[in-house]
Every structure is written in C-alpha cells, then in structure tokens.
Amino acid sequence: MAATRLIALHINKGRTIEQCLKDRTDYAKNREKTENGEYISSYECDYRTADKEFFLSKSEYGRKTNRNRNGDIIAYQIRQSFKPGEVTPDEANRIGYETAMRFTKGRHAFFVATHTDKAHIHNHILYNSTNLECNGKFRNFLFSAIALQKVSDLVCLEHGLSVIKPARPSERIKRTVYPKAKTVRSDIRESVDISLSKNPVSFDEFLEFLKQLGYEIKRGKHTAVKSKNQRRYIRFDSLGKGYKEKDIKDSIQKSVEAAKPKPRDFNLLLNLQDIIASGKGYCYERWAKVFNIKQIAKVLLFLQEHDCLDYGTLEKRASDASEIFAEISNGIKKAESDLAKISSLRQQIFNYAKTREIFISYKNHGYSSKFFEEHREAITLHKAAKKAFAEYTKATGAKIPKVKELNEEFQKKLELKKKLYQEYRQIKQDMKDYQIAKYDVDRILGIDEKTKNAERENEHKQQKNGPSL
C-alpha cells in the first residue's frame, strides 16, 4: 500500500533558482535518512549534481524557446509513503523508480531518495519540470494527483503489495478533511530541516544557514528566530519535539561524530625487507621501522585487552570468528532467498486471482485459440501461477498459504535478516581485528606457512612415534 502526493516546487521569495533547487535536493538526499546514500537511484542525471543539471536544462530551455518566466515551476516532488513493514528500502526504491518512469513517461530526469528514518518507509522523488530535450515542460494537468495514485497502485499490485481502496461517494463526503493552513512555525520547522540537511558542524554554522534563508537570529538564554513576514521572534523551544534548541544541538553533535573517521586499533605491519629492497632511502626506511614499532605496541595492547596471551588462543579466536562470520553470511543469504521466494509466491497468488475468471471463460469456450489470442497475457499468467502452485505443493507437501500468512512470514524473515545484519557488522569487525592481529604476530615471530606446516608435521610424527627418551 502506497499513498502519493504531487507537489509543485516554486522559487522562494528572495532566492535564486539555483539556491531553491539545491535546498530541495539536499533535503531529499539527506545521508542520515537514506543510509549514507545507499537508497538513492536516478534517471538521466547524477543525483549528486541533480540541482546543477536541472538548472542547466532550464537555461537551455530559455535559449531555445526564448521563455524565461520567474513564476514558473522549477521542479516537482512526488512523496510516496508505504505501509509500515510491507516493503524493504530496496523494494521501495525500485517501486518509486518505476512509478516516476511511468508517470513522466521517461521524458524528464529524476532521482528517487528512499527515507528510512520514520516508522513508514517513504520516497522523495524529484523530477525536472523541463523535459530532456529542453524544448518543453511537464504539464500539470487536471486530476494529475489522481493519475499519479493510479500509476502507483498499478506498480504496487505488480510487486504484490496492497492498494488503498477508494471510498464510496457517501463515505468520501463524511471523510472530507480540508488541509490546515500553513503556519509560521511549520515554515520554521521546514527551514530547520533544510539547514540540518547541509550537515553543519556547529550550532553557529546552523544559524548561519538560517540567516541565508532570510531569518533574523536573536541570541540569549533562549535562541529565537524571525522571518521577514513575522512580527515577533519565535523560540526554538516552542516548535515542538525534535525542533527544540537542545534537540537541534544533539542532532548536529551526532552528525559530526558520525562523520569522524574511526581510528583502527592496529594495522598490518609494513614489510621492511620490501621497503629496503625498493631503494626508497634511509629516511623512509627509518620511518617504516618506527611505524612498525608503534603497530607492535598496538597489537600487544589488543592481545592484552582481549586476554590472548598465547598464540594458540589467538589462532583459535581468529578461526572461530571466521566460522561465525561465514555462518551469519549464509544465514543472511538464506533469509534473502526466502524473502524472494515469498514475494514470488505472493505475486503468483495475485496473478491467479486477477486472471481466474478469464481462464474459466477460456475453459468454457472449449480452449478456443481465438479466445486465447485475445487474452494471451492473462491466460499465460494464470498458467504460470498454477505451475508455480504445483511446484510449491510438490516441494513442501503443503497447501498454498493465504496472503496474510505470507505477509506474516515475510515480516518474520525481514526481522531475522535485520537482526543478522546487526550481528554481521560486529562479527565482521571482530574477524578483521583478530586476523590482522594474527598476521602481525606471525610477522613479528617470523612465522610463515612453511614454518607452520613443518611444525604440524613434527607434531604428527611425535604423536605417531611416541615421546623420545
């Protein structure tokens, strides 16, 4: 299930087209909301420079058509929100991309940013109002929002998702809710979001971004702001949860800490013999020796902190970490495979239900070839669904489950995958640390594969022949 909304983006008063495009695209591409940009896809543009590419196309449009009206719409935004727990971020991004492609008919550049910071996964789709040929603009026709919702519903159905049922005329009258007028505080909250999306490194820099958006700042015990349209200053503390001065400072601090590179506990030792042989010179050789001494100290500290006081313990922990990592990796792959199978079976159930009546008619017509040609796609889908059901029954020995049961199973597998991913990150780091420590210890002790093999053969001979007298 996905709810959609089409928003026309205009030029803000006192701002240029470039500034407005950058503000809107920066908010959509927020790295904290898109898992460091992992869930962003684009069409006919690079999402990192989308604002500049959109602006260049508008300049070309003005040159070709000699039209350059300031009141024109600079871009459009589609907000597409999904029911909590129904889709993964990857699937939501794919659905958003297909929706945008069909709605714009591939004539406009766009990018899809999937936000995962809320309980419901949602897409911010920004597409250029100017077409790819730079000789026309998107026509925001009457009932375009309804057309967008229909396109979104069709894509959701194809992916096996539910859709929003249209209300009956009588219910629609009862449920009519007129949108609230936009308030001054809602404008300030939106400006705060835009300023935070620029990743300020301090509260002062954050206030500078607000000044660039046309706000006056009043410092004191409580920081307050005022735009040109306001009569009095409004405190951050009156904006609600998440927008208070302390909340903003905490958000900036978290963003700064997340951006800092994490120092490694130790590193692989430099091969001094290779450095000397390469003839880099005495100074570089001396630096390499000092570097290795520091790395040895870090390795020893790591071994002491993790109670690895003998080589056997270190070797076992490195081996155990590798085995656990492999086990968790296999678990994630199996969970992903199960999710794919559930999605496929769920899609087949939807296809079967949609084409059942047509197939019955086809059967009643005596499997007529003429009827088949008229309904080839639907009949083919129905046959494919029946074949998939037969294969499932043969493989599992069970009946075809209901869609509700499949949704519950999908959610369980999804939760398992998330849990395994959390363990995966930690065990991956542990495996890397132990393997690097073991590698460094081997280099310090001069142990190589030949030495290890010789020691193993010696131990094997002693066990076979017995202790020497």
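Residues numbered from 1 in each chain as written. Predicted model: local features only at pLDDT ≥ 70, side-chain atom pairs only at ≥ 80, totals over all residues. Heavy atoms only, no water.

1. Some thoughts on the pattern of salt bridges
Pairing is possible between side chains of opposite charge, provided their charged atoms come close. Counted under the stated rule, the structure contains 14 salt bridges. A salt bridge links Lys 22 to Asp 26; the nearest nitrogen and oxygen atoms lie 2.7 Å apart. With Lys 22 and Asp 26 both in helix H1 (residues 17-28) and four residues apart, this pair spans about one turn of that helix. Overall, Lys 22 belongs to the partly exposed group, its relative accessible area being 38%. Across the salt bridge formed by Asp 338 and Lys 334, the nearest N and O atoms sit 3.1 Å from each other. Within this pair, Asp 338 and its partner Lys 334 are both found in helix H11 (residues 311-364), separated by four residues, close to a single helical turn. Classification of Asp 338 by relative accessible area gives buried; the value is 13%. On the basis of relative accessibility, which here comes to 52%, the residue Lys 334 falls in the exposed class. Linked by salt bridges that have partners in common, Arg 15, Asp 23 and Lys 198 make up one network. (Salt bridge = Lys/Arg side-chain N within 4 Å of Asp/Glu carboxyl O. Helix = DSSP H or I, 4+ residues; strand = E, 2+ residues; numbered from the N terminus. Buried < 20%, exposed > 50% of the residue type's maximum accessible area, 1.4 Å probe, protein only.)

2. Side note on helix H4 (residues 144-158)
Here H4 is 15 residues long and its end C-alpha atoms lie 21 Å apart, about the 21 Å a rise of 1.5 Å per residue gives. Buried-residue contacts for H4 involve strand E1 (2-9), strand E3 (75-82) and helix H3 (89-104). Gly 160 occupies a position one or two residues after H4 and carries a positive phi of about 80°. (Expected span 1.5 Å × (residues − 1). Contact = heavy atoms within 4.5 Å.)

3. Let's talk about the packing of helix H6 (residues 184-196) against helix H7 (residues 203-212)
Any two packed helices are characterised by the angle at which their axes cross and by the distance between the axes. Two elements in contact, H6 and H7, have axes whose closest approach is 9 Å; the angle formed by their N-to-C orientations is 120°. As summarised for this structure, H6 and H7 are arranged oblique, according to the angle between their axes. Viewed along their axes, H6 and H7 form a crossing whose handedness is right-handed. Of the residues in H7, those in contact with Ser 191, Val 192, Ser 195 and Leu 196 of H6 are Phe 206, Phe 209 and Leu 210. When grouped by side-chain class, the residues that make up the contact of H6 with H7 number five nonpolar, two polar and no charged. (Axes fitted to C-alpha atoms, helices over the stretch in contact; angles between N-to-C directions. Parallel < 35°, antiparallel > 145°, perpendicular 65-115°, else oblique. Left-handed = near helix turned anticlockwise from the far one by under 90°. Nonpolar A, V, L, I, M, F, W, Y, C, P; charged D, E, K, R; others polar.)

4. Some thoughts on the sheet that holds strand E4 (residues 110-115)
Strand order in this open sheet of five strands is E1-E3-E5-E4-E2, and the pairing throughout is antiparallel. With one partner strand each, in any of the chains shown, E1 and strand E2 (40-43) form the two edges of the open sheet. In this sheet, adjacent strand axes meet at a mean angle of 15° when their direction is disregarded. As paired strands, E1 and E3 are joined by eight bridges and run antiparallel to one another. Looking across to E3, one finds that Arg 5 is bridged to Arg 79. Running over the sheet, H3 touches E1, E2, E3, E4 and strand E5 (122-128) and is turned about 150° from E4. With respect to the sheet, H4 is in contact with E1 and E3, its orientation differing from that of E1 by roughly 140°. (Pairing = 2+ DSSP bridges.)

5. Examining the layout of surface pockets
Approximately 840 Å³ is the volume attributed to the second largest pocket. What lines the second largest pocket is a set of 28 residues, among which Tyr 39, Thr 88, Pro 89, Leu 414 and Lys 417 lie closest to the centre. Going through the elements one at a time, H3, H11 and helix H14 (403-445) are the ones with two or more residues in the lining of the second largest pocket. Its residues assigned to classes, the lining of the second largest pocket shows eleven nonpolar, six polar and eleven charged. (1 Å grid on protein atoms, 1.4 Å probe; cavity = no way out; pocket = protein on both sides within 12 Å on 5 of 7 lines; lining within 4 Å. Points joined across faces, edges and corners; volume = space filled by probe spheres on them.)

6. What to know about the side chain of Ser 227
Turning to its location among the elements, Ser 227 is positioned in the loop between strand E7 (224-226) and strand E8 (234-235). Take Ser 227: its relative accessible area is 16%, and that puts it in the buried class. Setting aside its immediate chain neighbours within four residues, Ser 227 contacts Gly 214 and Tyr 215.

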